[in-house]
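A structural walkthrough
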Amino acid sequence: MSRQEAIIRETKRRTLSFIHGAQYRAESFRLKAILDNYDPSVCVQPPLKKIKTVTFLITRMVRFHGGQTSVLHLGTELEKQGIKVCYLSCKEQSLEEMELCAASNLDGFKGRLYAFNRYMAAVERGRIKSPDVVVASSWDTVFFAKRFKDSYKAYFVQDYEPFFYPFGEEFLMCKNTYEQGLHMISLGEWNRRMIRKELEKDVAVDTVSFPYDTEGYGLTVRDYFGYPEKKKIVLAVYLKYYGKRLPDLIPYMLMNTADALKQRGTDLEVLYFGEAKTFNPKGGRNLGQLSREQLKSLYAKADFGMVASMSNISLVPFEMHASGLPVIEFEDGSYPDFFGKNTAILTKIGEKDIAEKLLDVLNMPKKLKEMDDAAKAGLKDLSWERTGREFLEILKDRSEKTV
């Protein structure tokens, strides 16, 4: 080996060593906060004698977060039923920031906000009583819930979270939280089925119905019979950089769709939303994270809406259906479990574009109307008020059994 070849080989070795080291350090830093609080033990549940106070745990309050919006909705409904509700941020966060983010997610929410450490210190000093029920809202808040020794511990399961990660440490730690003794209450049936399937056990999981914000999105009527005249399709696409939202596959499909439609004399305008404007997906324009009023305006402007509910269904298809917006979804995901297959234009992971499907329904306004009617039938009895009642009834049933 020549000296020059030896230098090249050593340079490659050092470069790879640096890259691997940097990747490991970045991953270790990200996991440190989880491991610092990691507790894989099975909790001991105290008897649930009364339900006057309920405390929800969140990782950190952030704006435009669907899961936290659901927690705020649920807590607000419990407050309306006479329960005193608190929301704790498990990561360090100022009260001012928590209030700003919570109000962005749900204006007029009810309940009190606290930082976890300050609240826990007050409990330990006897200044605040332990809540009757403490509720984890994600897998990385389960460990914090178990620190409330005198509180009944519930787990508001909003998704099958192991699917958020590649197979590895977080996948396995996340999956293990379903076996740590908390009372699991699933948002919809899909989570319960996935937990039992993946754990290969008939574990106890209660369910509440999956609601949407009926006050924000009324059941609007749309003129589908004008669709055959359209020479331009406006498509509102809910897209985030998380893998479960298909952030690379969807733009790829839609660029192919735009090319195919162009050859048939129809233009496609793609308007992405749901992620910060710094996110730049191809094939369309990113409108960023939108307020409720901005969403209503977008849904009114668009001809179709597209969402990838590859794990538990998103709130967005509910909003779109309530707005009369024809929905494009993936039959590989959870959407058909909630709405069936006759309510939306269903595509698959294995399809490169949806041009033919769009052209077909453009010329079939009656079919669009039938899909809309079927979807709205599924929305008819859903509300956060109903889900809040179901949640409290599940806890009350457990309370009666432990008295």
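Before going into details, it helps to say that this report is about the structure given with it. Predicted model, so just to flag it, every value in this text is computed and none were measured.

What counts, and where the lines are drawn
- Residues numbered from 1 in each chain as written.
- Predicted model: local features only at pLDDT ≥ 70, side-chain atom pairs only at ≥ 80, totals over all residues.
- Heavy atoms only, no water.
- Helix = DSSP H or I, 4+ residues; strand = E, 2+ residues; numbered from the N terminus.
- Rg over C-alpha atoms; globule rule 2.2 N^0.38 Å.
- Buried < 20%, exposed > 50% of the residue type's maximum accessible area, 1.4 Å probe, protein only.
- Contact = heavy atoms within 4.5 Å.
- Areas by Shrake-Rupley, 256 points an atom, 1.4 Å probe, with all protein chains shown as cover.
- Lys, Arg positive; Asp, Glu negative; His and termini not counted.
- Charge placed at Lys NZ, Arg CZ, Asp CG, Glu CD.
- Phe/Tyr/Trp six-rings, centres within 6.5 Å; stacked < 30°, edge-to-face > 60°.
- Lys NZ or Arg CZ within 6 Å of the ring centre and 35° of its normal.
- Pairing = 2+ DSSP bridges.
- Axes fitted to C-alpha atoms, helices over the stretch in contact; angles between N-to-C directions.
- Arc of directions from axis to C-beta.

Here we take up the overall build of the protein chain. Within the protein chain, the secondary structure is distributed over 14 helices and 13 strands. Computed over C-alpha atoms, the radius of gyration of the protein chain comes to 24 Å, within 12% of the 22 Å expected from 2.2 N^0.38 for 403 residues, which places it in the range of a compact globule. Counting all 403 residues of the protein chain, 51% fall into the buried class. Long-range pairs, those at least 24 residues apart, make up 67% of the contacts in the protein chain with a sequence separation of at least 6. Just so you have it, the protein chain exposes about 20000 Å², and 51% of that area is on carbon and sulfur atoms. Counting 61 positive and 55 negative side-chain charges, the protein chain places the centres of these two groups 3 Å from one another.

This structure, assessed with the given rule, holds 26 aromatic pairs. For the pair tyrosine 227 and phenylalanine 304, a centre-to-centre distance of 5.6 Å together with 80° between the ring planes defines the contact as edge-to-face. With tyrosine 227 in the loop between strand E7 (205-208) and strand E8 (232-238) and phenylalanine 304 in strand E11 (residues 304-306), the pair connects residues that are 77 residues apart, well separated along the chain. Judged by its relative accessible area of 2%, tyrosine 227 is buried. Residue phenylalanine 304 is classed as buried on the basis of its relative accessible area of 0%. Here the aromatic residues Phe210, Tyr212, Phe318, Tyr335, Phe338 and Phe339 are joined through ring pairs into a cluster of three or more. Looking at lysine 230, its charged tip hangs above the ring of tyrosine 227, at a distance of 5.0 Å from the centre.

If you walk across this open sheet you meet the six strands as E10-E9-E8-E11-E12-E13, and the pairing is parallel. One side of each edge strand has no neighbouring strand; the edge strands of this open sheet are strand E10 (285-286) and strand E13 (345-347). In the packing of helix H12 (residues 355-362) onto the sheet, the strands contacted are E8, E11, strand E12 (327-330) and E13, and the crossing angle to E13 comes to about 170°.

A separate point is helix H3 (residues 95-105). Burial in H3 covers these residues: Met98, Cys101, Ala102 and Asn105. Down the axis, H3 shows its buried residues gathered within 100° of arc, on one side only. Turned more than 90 degrees away from the buried face of H3, the exposed residues are Glu96 and Leu100. The secondary structure elements touched by the buried residues of H3 are helix H2 (66-80), strand E2 (84-89) and strand E3 (112-115).

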